[in-house]
Amino acid sequence: MRLLAQYSLICFILFSVTSCVRIKKWTKKTFPQATELNDYQSQIKKYRGTVKLYEFFQTKAQFDVIWLSDDVREAYSEMHCRKHGKTGEDEGNVLKRQLERNNFYISFYVLCLRNSTIGKKKSKWSVYLDVDGKKTTVKDVEQVDLPPEYQELFGKKFNKFKTPVLVKFNISDRDGNFVLNPNSKNLKLVFNSPGLEGSIEWELDREGRVVKRSINKK
């Protein structure tokens, strides 16, 4: 009886797999599929992260972040130009304008749950930057309509239940010293409330590129 049950199970699995393959082939043949393009996920993966903070079993806050580094802005530029059919000089101009923004600000796109928004006058949550232990206050937090290219880069993290904001920090401090420089080893974006704290931390190489990303919670 046991052997019969095992045999039946194997037959069922084989039948299911075969049926799925046939359905998949029929679907692709009947409904021609769109061409899948490079989505740049591997290129920007280290610059993206999620902080999720709990109190017991309740989610108190969640922040999905993309650091708008040169690598990320380059990915955006290529996606944008591909979408609009821009090539040659036009493509170069788009990339130049994107990279020039990093000459003035260190910027992040952040998706916030509606109960944990940042940037408003009475927001429970605040955000600051920590580079090698030196803290920098935020310059501006602006609610935005997230460009389609960044919606794609966020993937499933982007949805109608989250509010996208652009978070910007000045590139230099009051004394004119660069917040990020070739000697910087660690950059941390910190989210803080009166009772909870979470951060995304990036370890940097001499070129300012990410070696490792980690999530910290308190």
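First, a word on scope: everything that follows refers to the structure included in this document. (Residues numbered from 1 in each chain as written. Predicted model: local features only at pLDDT ≥ 70, side-chain atom pairs only at ≥ 80, totals over all residues. Heavy atoms only, no water.)

### Let's talk about the pattern of salt bridges
Inspection of every chain in the model, using the stated rule, returns three salt bridges. Between Lys162 and Asp64 there is a salt bridge, with its nearest N and O atoms 2.7 Å apart. With Lys162 in strand E7 (residues 162–170) and Asp64 in strand E2 (residues 58–67), this residue pair connects regions lying 98 residues apart in the sequence. Residue classification places Asp64 among the buried positions, given a relative accessible area of 1%. For Asp71, the salt bridge goes to Arg209, with nearest N and O atoms at 3.3 Å. Highlighted residues: Asp71 in helix H3 (residues 70–84) and Arg209 in the loop between strand E9 (197–204) and strand E10 (210–217), separated in sequence by 138 residues. (Salt bridge = Lys/Arg side-chain N within 4 Å of Asp/Glu carboxyl O. Helix = DSSP H or I, 4+ residues; strand = E, 2+ residues; numbered from the N terminus. Buried < 20%, exposed > 50% of the residue type's maximum accessible area, 1.4 Å probe, protein only.)

### A few points about the nonpolar core
By size, the foremost hydrophobic cluster in this structure holds 46 residues, and its most contacted members are Phe108, Ile118 and Trp202. Apart from the residues within four sequence positions on either side, Ile118 is in contact with Phe63, Cys112, Ser123, Trp125, Ser126, Val127, Val141, Val165, Val167 and Phe191. (Core = buried A, V, L, I, M, F, W, Y, C linked by side-chain atoms within 4.5 Å. Contact = heavy atoms within 4.5 Å.)

### Observations regarding the sheet that holds strand E6 (residues 140–143)
The five strands lie next to each other as E1-E2-E3-E7-E6, forming an open sheet whose pairing is antiparallel. Either end of the sheet is taken by a strand with one partner, and the two such strands are strand E1 (48–55) and E6. Averaged over all neighbouring strand pairs, the angle between strand axes comes to 25 degrees, with direction disregarded. Where strand E3 (residues 105–113) and E7 come together, nine bridges link them in antiparallel fashion. Within the sheet, the bridge partner assigned to Ile106 lies in E7 and is Phe169. (Pairing = 2+ DSSP bridges. Axes fitted to C-alpha atoms, helices over the stretch in contact; angles between N-to-C directions.)

### Remarks on the environment of Arg114
Within the secondary structure layout, Arg114 lies in the loop between E3 and strand E4 (126–131). Remark: the alpha-carbon pair of Arg114 and Pro164, spanning 50 residues in sequence, is separated by 10.0 Å. When residues no more than four places from it in sequence are discounted, the contact partners of Arg114 are Lys160, Phe161 and Thr163. Reaching out from Arg114, the side chain makes a polar contact with the backbone oxygen of Lys160 at a distance of 2.5 Å. (Polar contact = N/O pair within 3.5 Å; in protein donor to acceptor, adjacent residues only side chain to side chain.)

### Things to note about the environment of Lys139
As for its position among the elements, Lys139 is in the loop between strand E5 (134–137) and E6. Here Lys139 falls in the partly exposed class, since its relative accessible area comes to 49%. Residues Lys139 and Ile171 lie 32 residues apart in sequence; the distance between their C-alpha atoms is 9.9 Å. Lys139 has contacts with Tyr105, Lys168, Phe169 and Asn170, leaving out every residue within four places of it along the chain.

### Overview of the side chain of Thr117
Looking at the element boundaries, Thr117 is found in the loop between E3 and E4. Ignoring sequence-local partners within four residues, the contact set of Thr117 consists of Cys112, Ser123, Trp125 and Thr163.

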